[in-house]
Every structure is written in structure tokens, then in C-alpha cells.
Amino acid sequence: MAKPPSKKNDTTANLGFEAKLWAAADALRNNMDAAEYKHVVLGLIFLKYISDAFEAKHAELGAQKKHGADPEDRDEYRAASIFWVPKEARWQHLKASAPQPTIGTLVDDAMAAIERDNPSLKGVLPKDFGRPGLDKQRLGQIINLVSDIALGSAADRARDTLGRVYEYFLARFASAEGKSGGQFYTPSHVVRVLVEVLAPYKGRVYDPCCGSGGMFVQSEKFIEAHAGKLGDLSIYGQESNYTTWRLAKMNLAIRGIDAQIAHGDTFHNDRHPDLKADYVLANPPFNDSDWRGELLKDDKRWIYGTPPAGNGNYAWVQHFVHHLAPTGLAGFVLANGSMSSNQSGEGEIRKAIIEADLVDCMVALPGQLFYSTQIPVCLWFIARTKKNGRFRDRRGETLFIDARKLGTMADRVHRELIDADIAKIAGTYHAWRGDKDAGEYGDVPGFCKRAALEDLRKHGHVLTPGRYVGAEAAEDDGEPFEKKMKRLTATLREQQAEAAKLDAAIAANLKELGYGG
């Protein structure tokens with residue numbers, strides 16, 4: 001069943017444990033670069049996870065020996081989707097060796113042994129713990145720190161705790177790395193808006209620029225929170241950055257999520273060419289000028305127009321549409337410029353997409369949500385068809401939501417969307433779409449507006465929500481107009497009299513100083 005909502009999001013709920021762990025791990029970082037240190041810590045958390053899962057299954061099989069179970073039978077582990085961990089890679093062995101100067105080499109050997117015995121992890125795990133630049137005493141201290149994660153928890157809770165720690169550390173590393181951190185991590189509260197709006201209960205989910213796999217983690221969390229089960233979703237992804245691809249593989253494995261995540265450039269080497277997804281969830285690189293579009297001028301994906309070589313935004317939009325099933329839905333993040341740009345033919349492509357009646361909903365988000373950029377962004381929601389029997393027929397309609405006033409400052413530079421904000425955006429969309437039990441939809445000036453295709457044409461096919469939702473209704477304070485005008489006029493006269501006194505005092509002072517007129 002769904003857990004009661006917390007005031008903050010999952011990643012920032014009950015943070016005492018994760019935050020203390022991060023503070024301790026960060027203290028051990030010393031002068032190491034965050035990008036480098038990330039692989040040390042996350043690699044060890046992953047190793048701890050697969051070892052914990054293995055040991056729990058090993059103990060279970062040991063207890064069933066008299067019934068013919070064999071704790072050393074690898075097939076028993078494969079059948080339970082648990083990685084086989086050879087003796088030299090088991091956590092207790094590494095923990096016992098943590099004080100030794102050879103600990104770096106032992107961890108590297110453990111990682112290599114796990115990859116050797118589990119083909120799906122080949123090339124995924126970090127194996128540079130033995131390098132001279134890594135302080136072996138500190139490495140031993142980090143191993144002791146990670147040893148305390150999920151100590152004494154039941155096996156299923158241990159997995160959840162390790163998963164939460166991994167996700168929390170990903171977020172903190174993204175923050176520490178600043179701009180480059182955005183390449184592997186989309187803040188979970190932004191991902192949750194996409195997931196809660198699309199509500200992916202069952203089917204194929206695709207993210208062709210999946211970073212560290214946050215879209216898939218949140219989709220699976222959504223399923224579990226709504227009493228579904230892991231496995232109701234089939235997951236497909238692709239990531240061009242090899243280091244980030246490895247993070248995604250570990251992030252999903254640590255949560256027991258089975259996914260087909262390919263490595264490669266999505267535009268030039270689409271690894272899922274025939275996939276038609278029920279849901280596309282993505283946060284592509286904003287305004288990417290290096291996507292080498294000049295090599296793809298006649299690509300079959302550009303049904304609505306050839307995207308400019310200097311900006312990949314509309315290449316991504318058309319790639320998402322290309323991979324949607326006939327009743328598929330897509331939700332993705334783009335820079336605000338995508339809603340109104342007319343440069344290099346982008347306006348014509350947007351017009352063609354709107355006239356094809358693909359744009360279901362547009363959401364303007366507040367600024368300061370991302371680690372990688374301060375620019376405000378928007379969410380696009382595309383429906384391959386707006387009449388498919390699952391929801392009401394909304395052909396010729398688009399919903400606009402202006403959420404720029406939502407969010408709470410988490411620190412001096414970052415804003416977060418809390419549960420109530422996410423529920424407000426998703427609830428508005430579901431009511432408009434006609435979901436069962438979502439309530440009645442109504443336009444709210446300054447926040448949301450149901451617009452007809454003709455309205456979009458009048459605005460030159462610009463998709464900025466602020467153009468459609470209008471001004472927020474002024475709150476009526478209940479004071480009669482006549483009374484209010486008398487009060488305001490009296491206040492104005494008082495202020496004018498005060499200003500005249502101040503002017504006279506200033507003139508007198510100037511005269512005294514010899515500057516009087």
C-alpha cells in the first residue's frame with residue numbers, strides 16, 4: 001500500500017542516517033575530486049549490497065540443507081535474481097582486511113571476480129582501488145563506514161536502505177560536482193513530477209538518455225506505492241557516457257530492477273531501433289549543440305522537420321515521438337526556449353507537432369531546480385493519440401500549467417518541489433485528462449488553462465503556459481470598495497504630508513551648508 005506522504009520527498013525524508021553517513025564519507029574524501037571519489041564510495045556501497053543479498057540467500061539455503069538445498073549452487077541465486085558472490089569478494093572478507101595496506105588490490109580483485117561470475121555486470125564495476133593515489137588507510141575507513149549500512153536490518157529492508165543511501169549519495173555528488181553533475185543525475189523531485197503525471201502502471205518504459213537511471217527507479221517506486229509489483233514494467237534505456245552508464249547499471253542492480261540499458265549515442269547508434277514504448281521518460285541535454293545533426297539530415301525520425309545541427313532539442317522530441325507505441329505517452333524536460341524558439345526552423349517543427357495534435361500538456365517549472373543549470377525549464381507531455389479509450393477524448397485540446405510559483409528553497413541556491421507541489425501538478429493533469437476518481441477539472445487563473453488548438457494558432461504556436469493561464473485572481477479581502485478607497489486615500493495624504501516635511505528638512509539642511517537656492 002502507498003505510504004503516507006511525508007512533508008519532504010523520498011530522497012530527503014528521514015535523512016538523519018543518510019546525512020550522517022554522507023558527512024562521514026565526505027570527511028574521508030580529503031583532497032580527492034568529487035567526480036573521482038564518487039566511484040570509490042558508490043562502488044563500495046554496490047559491493048556491500050550484492051554481498052548482503054548473497055549472504056542472506058546463502059543463510060536461507062544453508063538452513064534448508066536437510067531438504068536438499070545447496071548454498072554453493074549458483075543456479076539457486078540466479079533463480080532468485082541474486083548475483084553470485086565468490087568467496088574472495090564477500091564483504092566480511094574485505095572488512096576483515098580493511099586495515100591492511102593491500103586492501104585496494106583486494107577490492108579490485110573482488111570487483112573483477114564479481115564481473116567474471118556475473119556476465120551482466122561485465123565492464124560495469126570500478127576497478128581502480130589499488131592505484132597509488134588512493135590513500136589505503138582512508139579506503140579502509142570508508143569500508144568500515146559502509147559496513148554499518150543496514151546493519152541488523154532484514155534482507156528486504158537492507159536492500160531498500162542501501163538503495164536510499166545510493167540515491168542520496170548520487171544527489172550529493174551531483175551537487176558537489178556542480179554543472180557536470182547534471183549529466184548523471186536529475187533531481188528526484190523533478191523526476192517524480194514526470195512519473196506521477198504519466199502514472200506508468202504497466203508496460204514498456206524507455207529513457208534514451210537515462211543518466212544514472214533515476215527515471216526507472218522512480219517508476220518502480222510508483223508501482224510499489226500503488227500496490228503493483230516489480231516486473232509490471234519492462235525497462236529500456238540508453239546512455240552515451242560510459243561512466244554514467246556504469247552508474248545506471250549499478251543503481252538499477254542495487255534495487256533489483258531488471259533493465260536493458262545499452263551504452264551508445266542514441267542519435268547515431270540507436271540500440272533499441274524497433275522499440276515502441278508505452279511511456280517515454282527523459283531529461284535530455286539542454287540545447288545540445290554537439291549532437292552532430294549534420295550527419296543525420298535525412299533520418300526517418302524527422303517526420304515534423306529536420307532539426308537544426310546547432311540545437312538538439314527538436315531532435316530529442318522527434319526521437320521520443322518515433323519510439324512511442326500507438327497509445328504511448330511521453331514526459332520529458334526541456335529548456336524553456338523550446339516552447340517559443342523560431343530559430344533555424346524550430347518554430348516550423350513545433351507548429352507541425354502541435355498541428356498533429358501531439359502536445360497533451362505543458363508545465364512551466366520554477367528556476368533553481370537543477371544542480372547543473374540555474375535556467376528555468378519546462379515539462380512537455382506528448383500523447384500519440386488523445387482518444388484511446390483509457391481516458392476521455394481530448395483531441396484538439398492542450399492543458400497548460402504554470403507552476404513557476406511552486407517549490408521551496410532547500411538551501412541558498414536550490415529549490416525543491418515538495419509532495420504537495422507534485423500532487424497539485426499531477427492532480428490537475430489527471431482531472432483534466434479524466435482519470436477515474438481524479439475529481440472535476442476547472443481552469444484556475446494564473447495556474448492552469450484548458451486551451452483549444454485554435455488558441456495555440458492565435459499565439460503563433462508558442463507553448464509558454466504564461467501566455468494561456470492569465471493572471472492570478474486577486475484575493476477578495478472582504479473590505480467594501482468605498483471604505484477601502486477612503487482608507488487608502490487617507491494613507492496617501494499622510495504619506496504626502498510626511499514627504500513634504502522631509503523635503504523641507506532637507507532644504508533647510510542644504511541652506512545651512514551654504515547650498516540653499
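The rules we used
- Residues numbered from 1 in each chain as written.
- Predicted model: local features only at pLDDT ≥ 70, side-chain atom pairs only at ≥ 80, totals over all residues.
- Heavy atoms only, no water.
- Helix = DSSP H or I, 4+ residues; strand = E, 2+ residues; numbered from the N terminus.
- Buried < 20%, exposed > 50% of the residue type's maximum accessible area, 1.4 Å probe, protein only.
- Areas by Shrake-Rupley, 256 points an atom, 1.4 Å probe, with all protein chains shown as cover.
- Expected span 1.5 Å × (residues − 1).
- Pairing = 2+ DSSP bridges.
- Axes fitted to C-alpha atoms, helices over the stretch in contact; angles between N-to-C directions.
- Contact = heavy atoms within 4.5 Å.
- Parallel < 35°, antiparallel > 145°, perpendicular 65-115°, else oblique.
- Nonpolar A, V, L, I, M, F, W, Y, C, P; charged D, E, K, R; others polar.
- Patch = residues over 30% accessible without salt bridge, like charges linked within 9 Å, V, L, I, M, F, W, Y side chains within 5 Å.
- Salt bridge = Lys/Arg side-chain N within 4 Å of Asp/Glu carboxyl O.
- Left-handed = near helix turned anticlockwise from the far one by under 90°.
- Core = buried A, V, L, I, M, F, W, Y, C linked by side-chain atoms within 4.5 Å.
- Phe/Tyr/Trp six-rings, centres within 6.5 Å; stacked < 30°, edge-to-face > 60°.
- Lys NZ or Arg CZ within 6 Å of the ring centre and 35° of its normal.
- pLDDT = per-residue confidence, 0-100.

A word on the overall build of the protein. Counting its regular elements, the protein contains 16 helices and 11 strands. Considered along the principal axes of its C-alpha atoms, the protein spans approximately 100 × 65 × 50 Å. Looking at the protein residue by residue over its 517 residues, the buried ones come to 51%. By element, 51% of the accessible surface of the protein is carried by carbon and sulfur atoms, the whole surface being about 24200 Å².

For helix α5 (residues 103-117), spanning 15 residues, the distance from its first C-alpha to its last is 21 Å, which sits close to the expected 21 Å at 1.5 Å a residue. Within α5 the residues assigned to the buried category are Ile103, Gly104, Val107, Asp108, Ala110, Met111, Ala113, Ile114, Glu115 and Asp117.

Here the focus is the sheet that holds strand β11 (residues 448-452). Strand order in the open sheet formed by 9 strands is β3-β2-β1-β4-β5-β7-β6-β8-β11, with mixed pairing between adjacent strands. At either margin of the open sheet sits one strand with a lone partner, and together these are β3 (259-263) and β11. Strand-to-strand twist in this sheet, taken as the mean axis angle between neighbours without regard to direction, amounts to 15°. Docked against the sheet, helix α8 (residues 188-198) engages β4 (277-282), β5 (324-335) and β7 (377-383), running at close to 155° with respect to β5. The strands that helix α10 (residues 242-253) touches are β2 (233-239) and β3; relative to β3, the one it contacts most, it runs at about 170°.

Time to look at the packing of α5 against helix α6 (residues 136-147). Orientation of α5 relative to α6, taken along the N-to-C sense of each, is 55°, at an axis distance of 9 Å. Classified by the interaxial angle, the pair formed by α5 and α6 is oblique. Residues Ile103, Gly104 and Val107 of α5 touch α6, and the partners they reach there are Lys136, Leu139 and Ile143. The class makeup of the residues in the contact of α5 with α6 is 4 nonpolar, 1 polar and 1 charged.

So, about a nonpolar patch on the surface. Side chains of Leu502, Ile506, Leu510, Leu513 and Tyr515 sit close together on the surface and give an oily, nonpolar patch of about 570 Å² of accessible area. Along the polypeptide, Tyr515 turns up in the segment after α16 (481-512).

Counting buried positions along β7 yields 7 of 7 residues, so the element is predominantly enclosed. Residues Val377, Leu379, Phe381 and Ala383 point to one face of β7 and Cys378, Trp380 and Ile382 to the other, with burial holding for every one of them. Bridge count for β5 against β7 is 7 bridges, and the pairing is antiparallel. Counted as the bridge partner of Ala330 is Ile382 from β7.

Turning our eyes to something else, we now look at the packing of helix α2 (residues 34-63) against α10. Across the interface, α2 lies against α10 with an axial gap of 10 Å and an inter-helix angle of 30°. With respect to each other, α2 and α10 are oriented roughly parallel. Our pair here, α2 against α10, has a crossing hand that is left-handed. Residues Lys38, His39, Leu42, Gly43, Phe46 and Tyr49 of α2 lie in contact with α10, whose contacting residues are Thr243, Leu247, Met250 and Ala253.

Below, the discussion takes up the environment of Trp245. Structurally, Trp245 is set in helix α10. The class for Trp245 is buried, based on a relative accessible area of 10%. Sequence separation of Trp245 and Gly133 is 112 residues, and the distance between their C-alpha atoms is 25 Å. Discounting chain neighbours no more than four positions away, the residues touching Trp245 are Lys122, Gly123, Val124, Glu239, Ile261, Ala262 and His263.

Attention now goes to unusual backbone geometry. What you tend to see is this: most non-glycine residues have negative phi, and most peptide bonds are trans. In this model, Ser344 sits at a positive phi of 50°, which is unusual for a non-glycine residue. Counting through the fold element by element, Ser344 comes out in the loop between β5 and α12 (346-355). Backbone geometry places Gln368, a non-glycine residue, at a positive phi of 65°. On the secondary structure map, Gln368 appears in the loop between β6 (359-364) and β7. By relative accessible area, which is 26% here, Gln368 ends up partly exposed.

Our focus in this paragraph is the nonpolar core. Core analysis: the largest hydrophobic core is formed by 107 residues, its most contacted members being Leu44, Ile45, Phe46, Phe169 and Leu365. Considering every element that reaches this core, the biggest residue donor is α2, with 14 residues. Those residues within four positions of Leu44 in sequence are excluded, and the remaining contacts are Trp91, Val107, Met111, Phe129, Leu139, Ile142, Ile143 and Val146. Residues Leu275, Trp291, Leu334 and Met362 belong to the second largest nonpolar core, which totals 39 residues.

With respect to the helices and strands, the residue Arg412 is situated in the loop between β9 (408-409) and β10 (415-416). Assessed through its relative accessible area of 73%, Arg412 is described here as exposed. As a C-alpha pair, Arg412 and Gln368 span 44 residues in sequence and 9.7 Å in three-dimensional space.

Residues lying three or four places apart along an α-helix face the same way, a consequence of the helix completing one turn every 3.6 residues. With 32 residues, α16 should reach 46 Å at 1.5 Å per residue; the first-to-last C-alpha distance of 47 Å fits that figure. Among the residues trailing α16, Gly514 stands out with phi positive, at a value near 90°.

This part takes up the packing of aromatic side chains. Here the structure, examined in full by the defined rule, presents 18 aromatic pairs. In this structure an aromatic cluster arises from ring pairing among Phe267, Trp291, Trp302, Tyr314, Trp316, Phe320, Phe332 and Trp380. Its end group placed over the ring of Trp84, Arg90 keeps NZ or CZ at 5.8 Å from the ring centre. For Arg433, the ring lying beneath its charged end belongs to Phe391, and the centroid distance is 3.7 Å.

Looking at the protein as a whole, its pLDDT mean stands at 86, while 91% of the residues score no less than 70. In this model, residues 1-15 is a region of pLDDT below 50 whose contacts with residues beyond four sequence positions or in other chains number 28 contacts.

Once that is clear, we can look at the pattern of salt bridges. Taken as a whole and assessed by the stated rule, the structure comprises 25 salt bridges. Linking Arg394 and Asp360 is a salt bridge whose minimum nitrogen-to-oxygen distance equals 2.9 Å. Here Arg394, found in the loop between β7 and β8 (397-402), pairs with Asp360, found in strand β6; they are 34 residues apart in sequence, far enough to count as distant. Under the relative-accessibility criterion, Asp360 is labelled buried at 0%.

Let us look at the side chain of His272. By secondary structure assignment, the location of His272 is in the loop between β3 and β4. By relative accessible area, His272 is classed as buried at 10%. Not counting the four nearest positions on each side in its chain, His272 is found in contact with Tyr206, Tyr236, Gly237, Gln238, Gln260, Ala262 and His323.

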